[in-house]
Each structure stands twice: as C-alpha cells, then as structure tokens.
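An overview of the molecular structure
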Amino acid sequence: MEVITKISEMQTMVFSIKDRKESIGFVPTMGALHEGHVSLMRSARDENDELVVSIYLNPTQFDNKEDFDNYPGQLDKDIEIVERENADVVFAPCTDEMYPEGFCTYVTQDKLTDTMCGRLRPGHFNGVTTIVTKLFNIVKPDKAYFGQKDYQQSVVVEKLVADLNMEIDVKVLPTVRDEDGLALSSRNKRLNPEERRSALCIYSSLLKAKSMFASNVKDAKEIIEEMTSIIKKAKHTRTDYISIVNAHTLEDVSLINEKAVAAVAVWIGNTRLIDNIILE
Ligand code: PAF
C-alpha cells in the first residue's frame, strides 16, 4: 500500500491506474477511523479494481474551532486500519497542499444545505462540497462511498455530482452501530461513560419514530413530540434539531406520505452527535 501526501504524486498514480483501464473505488475520510469506515472500505474493495482512501481533516468544514481542535487524530493507527483492509493507496495531504496560500475558490450549494445541519453550522457544507470536489478531481474515482449517518451530506454530495456532471457513482451505505444501537462516529471517543449511556436516547428516539410510523402515525409533529420527550429525559442532552424531512429535498414535512427521514442532532455534554432513520 502506498501512502501519498502530494497531489501531483496522487495524480500520477491515478493516471497510471486509468491507463491500465482499472476502476477506482474511493472512500474519503477525516481519519479517526472506525468500523463504519471499514464497512465503506470493504464495499469499495469488493466493487473496484483499486481502493483509494483519503485521510484529511478538512478545516473549512468546521464552523467551530474547538470542535476542529478536539477532533480525534490518529494517523499511524488509521494507516494500519486501511492497510488491513487491503487498500492500494492512502492519500493523506496536509493543509498547505490542499489550501495553498492564495486559495480563494469555493463550491457552494443552496437549498439542500439550508436545512438541518446546514442551518446550524454556517459554512459547514461549503467546506464539504469544496473539499469533496477537490478530492474527486484529484482521485477521479468511478465510485465514491459515504455513510448514511451523515444523511444530509450524502444527499448534498449526490446533488453536487449530478449538478456538476461528475461521472461518479455515489454509494451510500447503512449506518454501522454499536451493539446497543449508538451510531459509530469518530466523535463518540469524546464521551465519558455517563454521556455514552445518555447518547443511547438518540437511537431510542429514532426507533420510536420508526415504530410510530409503522403503526400508521403520519403526523410529523406527533412523532417529533415523542422523540423530543425521549431525548429531553436523558441526562446532559441539548437538542440542535429533531426533524422529519423529505428524503430527497430535505424539506420539513408535516404529513409523511413519501419517503422521509427522521434526523436528529443532539449535544451530549460537549459533543454534538447526529443520526437518522428512514421512514418509508
Ligand atoms: O464525512 C466526512 O468524513 C467528511 O465530511 C468528508 C466527506 C471526508 C469530507 O471532508
């Protein structure tokens, strides 16, 4: 496995892969890898000739400096994990490489980024769409893999690819959970044991939404009220949003009569976690 830090070297590598007419599966990450990333890598490994994984903690998608500074970093361990998954290349550039002095071009998207996390984290999705566009331009993947946990991100990336005519198949894979249901996230490492227990309210609230919907409750407000009460009862919680949105437009719905997503963003102590469940 090659570890590449320079864009020009990555481009040379991509050129020779394309020359061999091989397909590239790409898993972009910010490091602090866990089983959720591993499941993306395994699918990408199975479905492509070459597997490229990027590890880059992108500063432009953090609206909060403390969140950026406290984001867990473990490059050596991450490289071992990627190697174990039989990847061909790790692309791990530094920030001077990705945003050299004078950098001033950003990719923005409206509508889909006006709701949910986009509304509460100004600039976050501009950072995501910019870095994902740059990574796609450098790695030129045939298929790119994202997790459903970041539901809004996956819809934003699918639209980015469609609107900018990128020939990339975006694959969105199911959220990987701990045995007790907590969605795997690099940020879980920051929870102390009591917060970790409280965080279970997130998945309980989503399961409640799913069971209400399954028993024919279609009124979003009614479902949100139940979800809110579950989250409020747990210790150390502060809610950013609890929403039920159309699965494609991400607009709030009042009556669920099309595929929808129940999505939450909740602070557990000083850690902000997101999760969602599909209602269809
Ligand atoms: O989901 C993430 O880890 C990041 O948002 C991504 C897609 C790697 C862009 O920095």
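Going by the structure above, here's the rest.
In this text, all values refer to a predicted model and were calculated from it rather than measured experimentally.

1. Things to note about the pattern of salt bridges
- Tallied over the entire structure, the rule returns 19 salt bridges.
- Across the pair Asp-142 and Lys-18 runs a salt bridge whose closest N-O atoms are separated by 3.6 Å. With a gap of 124 residues between them, Asp-142 in the loop between α7 (124-139) and β5 (143-147) and Lys-18 in helix α1 (residues 7-19) connect regions that are remote in the sequence.
- Note on Lys-18: relative accessible area 31%, which makes it partly exposed.
- Two residues, Arg-45 and Asp-88, come together in a salt bridge whose shortest N-O distance is 3.0 Å. Of this pair, Arg-45 sits in helix α2 (residues 35-47) while Asp-88 sits in the loop between α4 (75-84) and β4 (89-91); the two residues are 43 residues apart in sequence, bridging distant segments of the chain.

2. Some thoughts on the packing of aromatic side chains
- For the structure shown, the criterion picks out 6 aromatic pairs.
- Cluster of aromatic residues (ring-pair linked, three or more members): Phe-26, Phe-136 and Phe-146.

3. As for the pairing of β5
- Across 2 bridges, the pairing between strand β2 (residues 24-29) and β5 is parallel. Bridge pairing in β5 links Gly-25 to Lys-143.
- Pairing of β5 with strand β6 (residues 169-173), which is carried by 5 bridges, proceeds in the parallel orientation. Bridged to Lys-143 within β6 is Asp-169.
- Taken together, β5, helix α8 (residues 151-163) and β6 constitute a β-α-β crossover, and its handedness is right-handed.

4. Points about the sheet that holds strand β7 (residues 237-246)
- Taken in spatial order, the 3 strands line up as β7-β8-β9 in an open sheet, and their pairing is antiparallel. Edge positions in the sheet fall to β7 and β9 (271-279), since each has one partner strand and no second. On average, adjacent strands in this sheet sit at an angle of 15 degrees to one another, irrespective of strand direction.
- With 9 bridges connecting them, strand β8 (residues 260-268) and β9 associate as antiparallel partners. Bridge pairing in β9 places Ala-262 opposite Ile-277.

5. Section: the side chain of Asp-275
- Here Asp-275 is to be found in strand β9.
- Beyond its immediate stretch of four places on either side in the chain, Asp-275 contacts Thr-175, Arg-177, Ala-183, Ile-202, Tyr-203, Leu-206, Ala-262, Ala-263 and Val-264.

6. Some remarks on unusual backbone geometry
- In the Ramachandran plot, Lys-140 falls in the positive-phi region, its phi being about 45 degrees despite a non-glycine side chain.
- The residue Asn-165 is not glycine, and still its phi comes out positive at about 50 degrees.
- Positionally, Asn-165 belongs in the loop between α8 and β6.

7. What to know about the site of the ligand
- Around the ligand, the structure places Pro-28, Thr-29, Met-30, Gln-61, Ile-131, Phe-146 and Gln-153.
- Between Gln-61 and the ligand, the recorded distance is 2.6 Å, taken from a side-chain N or O atom to an oxygen atom.
- Gln-153 places a polar side-chain atom, nitrogen or oxygen, 2.7 Å from an oxygen atom of the ligand.
- Here the shell around the ligand is composed, by residue class, of 4 nonpolar, 3 polar and no charged.

8. Describing the sheet that holds strand β1 (residues 2-4)
- Pairing is parallel in the open sheet, where 6 strands are placed in the order β1-β4-β3-β2-β5-β6. The open sheet has two edge strands with one neighbour each: β1 and β6. Strand-to-strand, the axes of this sheet are offset by a mean angle of 25 degrees, without reference to chain direction.
- Packed on one face of the sheet, α2 meets β2, β3 (50-55), β5 and β6 and runs near 160 degrees to β5.

Parameters and conventions
Starting from 1, residues in each chain are numbered consecutively following that chain's sequence as written. Two thresholds apply to this predicted model, a pLDDT of at least 70 for residue-level local features and 80 or more for giving and counting side-chain atom pairs, whereas whole-chain, interface and lining totals are computed over all residues. For side-chain calculations, the full set of non-hydrogen atoms in the structure is used, while hydrogens and water are omitted. By definition here, a salt bridge exists when the distance from a side-chain nitrogen of Lys or Arg to a carboxyl oxygen of Asp or Glu is within 4 Å. Elements are defined by DSSP. Helices are runs of H or I of four residues or more, strands are runs of E of two residues or more, and each kind is numbered from the N terminus. A simple rule labels every residue: compare its accessible area, found with a 1.4 Å probe on the protein chains alone, to the largest value its type can have, and call it buried under 20%, exposed over 50%, or partly exposed in between. Aromatic rings from Phe, Tyr and Trp, with only the six-membered ring used for Trp, were paired whenever their centres fell within 6.5 Å, and each pair was classed as stacked if the ring planes differed by under 30 degrees, edge-to-face if by over 60, and tilted otherwise. When DSSP locates at least two bridges between a pair of strands, those strands are taken to pair. Clockwise travel from the first strand over the helix to the second, with the strands pointing away from the viewer, marks a crossover as right-handed. Axis definition: a line fitted to C-alpha atoms, over the contacting stretch in the case of helices. Angles run 0 to 180 degrees between N-to-C directions. The contact criterion used is simple: two residues touch if any of their non-hydrogen atoms lie within 4.5 Å. A cutoff of 4 Å decides nearness: a residue is near a molecule or strand if any of its heavy atoms lies inside that distance of it. In protein, a polar contact means a hydrogen-donor-capable atom and an acceptor-capable atom, both N or O and within 3.5 Å, with residues adjacent in sequence counting only if both atoms are side-chain atoms; elsewhere, any N or O pair within 3.5 Å suffices. All amino acids are sorted into three groups, where Ala, Val, Leu, Ile, Met, Phe, Trp, Tyr, Cys and Pro are nonpolar, Asp, Glu, Lys and Arg are charged, and the leftover types, Gly among them, are polar.

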